[in-house]
Amino acid sequence: MYLAKIEDLKKKNSSKIRNCFYNGKVWTKNEIALETGISKAAITNILKELLEENYIAYLGEAVSTGGRKAKQYQINKDYFHIGKIMLIRRKDHYCFISICSDLLDQTISEDKVISHKGSLEELKTIVKKLYEEDPLLTVLCLSIPGICDEGYVSICDFKELEGVHLKEQLPIKENLEMIIENDVNVASIALSHSLHYRNLAFLYQPAAEYVGCGIIIDGQLYNGFSHFAGELRYLPFYDHEFQDQMLKKDPLELLRLQIETVCCVMNPETVCLCSDATSLDTLKLHLPEKHQPRLFIVDEMYPYLCDGLYRIVINNKSKGEEIS
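Structure report, in brief. (Residues numbered from 1 in each chain as written. Predicted model: local features only at pLDDT ≥ 70, side-chain atom pairs only at ≥ 80, totals over all residues. Heavy atoms only, no water.)

## What to know about the environment of Ile 147
Relative to the elements of secondary structure, Ile 147 occurs in strand S8 (residues 146-149). With a relative accessible area of 4%, Ile 147 lands in the buried category. As for Ile 147 and Ala 229, which are separated by 82 residues in sequence, their C-alpha atoms are 9.5 Å apart. What Ile 147 contacts, discounting residues up to four positions off in sequence, is Tyr 152, Val 153, Ser 154, Ile 155, Ser 226, His 227, Phe 228 and Glu 231. (Helix = DSSP H or I, 4+ residues; strand = E, 2+ residues; numbered from the N terminus. Buried < 20%, exposed > 50% of the residue type's maximum accessible area, 1.4 Å probe, protein only. Contact = heavy atoms within 4.5 Å.)

## Let's talk about the environment of Tyr 222
You can see Tyr 222 is positioned in the loop between strand S14 (220-221) and helix H7 (240-249). A residue is classified by how much of its surface remains accessible, and Tyr 222, at 43% relative accessible area, is partly exposed. Spatially, the C-alpha atom of Tyr 222 lies 8.6 Å from that of Asn 185, the residues being 37 residues apart in sequence. With residues up to four places along the chain from it excluded, the contact list for Tyr 222 reads Ile 215, Ile 217 and Ala 229.

## A word on the packing of aromatic side chains
Where two aromatic rings form a pair, the distance of their centres and the angle of their planes describe that pair. Per the counting criterion, the structure on display carries nine aromatic pairs. Members of the aromatic cluster, each reached through a chain of ring pairs, are Tyr 22, Tyr 55, Tyr 79 and Phe 80. One cation-aromatic arrangement involves Lys 25 over Trp 27; the distance from NZ or CZ to the ring centre is 4.2 Å. (Phe/Tyr/Trp six-rings, centres within 6.5 Å; stacked < 30°, edge-to-face > 60°. Lys NZ or Arg CZ within 6 Å of the ring centre and 35° of its normal.)

## Observations regarding the packing of H7 against helix H8 (residues 251-266)
One way to put it is that H7 packs onto H8 with a least axis distance of 6 Å and a crossing angle of 130 degrees. Looking at the two axes, H7 sits oblique to H8. Along its contact with H7, which presents Phe 242, Gln 243, Met 246, Leu 247 and Lys 249, the element H8 presents Pro 251, Glu 253, Leu 254, Leu 257 and Gln 258. For the contact of H7 with H8, the residue count by class is six nonpolar, two polar and two charged. (Axes fitted to C-alpha atoms, helices over the stretch in contact; angles between N-to-C directions. Parallel < 35°, antiparallel > 145°, perpendicular 65-115°, else oblique. Nonpolar A, V, L, I, M, F, W, Y, C, P; charged D, E, K, R; others polar.)

## A closer look at the pairing of strand S15 (residues 270-275)
Burial analysis of S15 places six of its six residues in the buried class, the great majority of the element. Neither face of S15 is left uncovered, since the one carrying Thr 270, Cys 272 and Cys 274 and the one carrying Val 271, Leu 273 and Ser 275 both have all their residues buried. Looking at chain direction, strand S12 (residues 200-205) and S15 are connected through six bridges and run parallel. Paired with Phe 202 across the strands is Cys 272, a residue of S15. Pairing of S15 with strand S16 (residues 294-297), which is carried by four bridges, proceeds in the parallel orientation. Bridging from a neighbouring strand, Val 271 pairs with Leu 295 of S16. (Pairing = 2+ DSSP bridges.)

## Regarding H8
With 16 residues, H8 extends 23 Å from end C-alpha to end C-alpha; this agrees with the ideal 22 Å at 1.5 Å per step. Most of H8 is tucked away: twelve of the 16 residues are buried. Those residues of H8 lying buried are Pro 251, Leu 252, Leu 254, Leu 255, Arg 256, Leu 257, Gln 258, Ile 259, Glu 260, Thr 261, Val 262 and Cys 263. Positive phi shows up at Asn 267, right after H8, with a value of about 50 degrees. (Expected span 1.5 Å × (residues − 1).)

## Observations regarding the side chain of Gln 205
Following the sequence through the fold, Gln 205 ends up in strand S12. Note on Gln 205: relative accessible area 1%, which makes it buried. Setting aside its immediate chain neighbours within four residues, Gln 205 contacts Val 211, Leu 247, Pro 251, Leu 254, Leu 255, Cys 274, Ser 275, Asp 276, Ala 277 and Thr 278.

## Thoughts on the sheet that holds S12
The strands making up a sheet are joined through hydrogen bonds of the backbone, oriented either antiparallel or parallel. Spatially, the five strands line up as an open sheet ordered S14-S13-S12-S15-S16, and their pairing is mixed. Among the strands making up the open sheet, the edge pair consists of S14 and S16. Strand contacts of helix H6 (residues 183-195): S12, strand S13 (212-217), S14, S15 and S16, with the helix running at about 45 degrees to S13, the strand carrying the most contacts. Docked against the sheet, H8 engages S12, S13 and S15, running at close to 155 degrees with respect to S12.

## Structural notes on helix H2 (residues 29-36)
Those residues of H2 that sit buried are Ile 32, Ala 33 and Thr 36. Angularly, the buried residues of H2 cover 100 degrees about the axis, an arc narrow enough to put them on a single face. Opposite the buried face of H2, by more than 90 degrees, sit the exposed residues Leu 34 and Glu 35. Looking one or two residues beyond H2, the residue adopting positive phi is Gly 37, at roughly 80 degrees. (Arc of directions from axis to C-beta.)

## Re the pattern of salt bridges
Applying the stated criterion to the full structure yields 18 salt bridges. Connected through salt bridges with shared partners, the residues Asp 157, Glu 231 and Arg 233 form a single ionic network. (Salt bridge = Lys/Arg side-chain N within 4 Å of Asp/Glu carboxyl O.)

## Things to note about the sheet that holds strand S2 (residues 56-61)
The strand order across the open sheet formed by three strands is S1-S3-S2, and the pairing between neighbours is antiparallel. Among the strands making up the open sheet, the edge pair consists of strand S1 (27-28) and S2. Of the pairings in the sheet, the one linking S1 to strand S3 (residues 71-75) comprises two bridges and is antiparallel in character. Bridge assignment links Trp 27 to a residue of S3, and that residue is Tyr 73.

Structure representation (structure tokens):
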């Protein structure tokens, strides 16, 4: 019983120290001790094991401040690699962007496929190519313009993927974890991290499809019970016919109405906006001044998709969660 408790404590300490390294920061033993509250003796033993495992890399000694030079450690950027696939719907075509990156989010390889179908077979080919070319690929993270719950795509701007269970259909090698998330949600995670706002909404207005909204509450993505949260296209007072007409005649006014609806429901500190249909320079909300959110204009969603996919993987790993 006593030995079991010691082993359990060691596992917990090891997990705490591993989690420190997922942010890519360079750490010293003293910094880890201050961050985790673990004794320096225990940290020394765990760091030794992590070095032997190749989980971390020894970078050398820090600049001396008068005493003994502190040893510096960082996560081994090639401990495993991350595959990122972004499905992007444009007005006249479909786009698949695939990226392989290391644990410091440095790009190893990148590919782009333009399609007039946006089919499952095309996605299968891209996935297979990604993991066949990189044996260190351990996690695959996809952003899709639609609703995916437990791997099943119910609604998607890539129409040929609707009704498809991607986790069952995509060719996945053994021990390759997969996560699939709505594209606007992915970008919302990146925006919350980069702007340091813990309560925000991100609305993306495509040129050809309906607006999507990502919701961050207290620093966490809110999906709802069936990943339906933020699907503003189904608001009962903005039916599809009305939205289609407004998107052609006055997309800015349509977006204003949708923003104000979100503000009345969740009262976000910040609203981030991106539109492929109109300029946002003249946008003004008709809300009481006290309840006006900050507005942050996003010129291009792609960089936030890249960063958001990386954040999702790192956040899951740092919590010790299996990705599903």
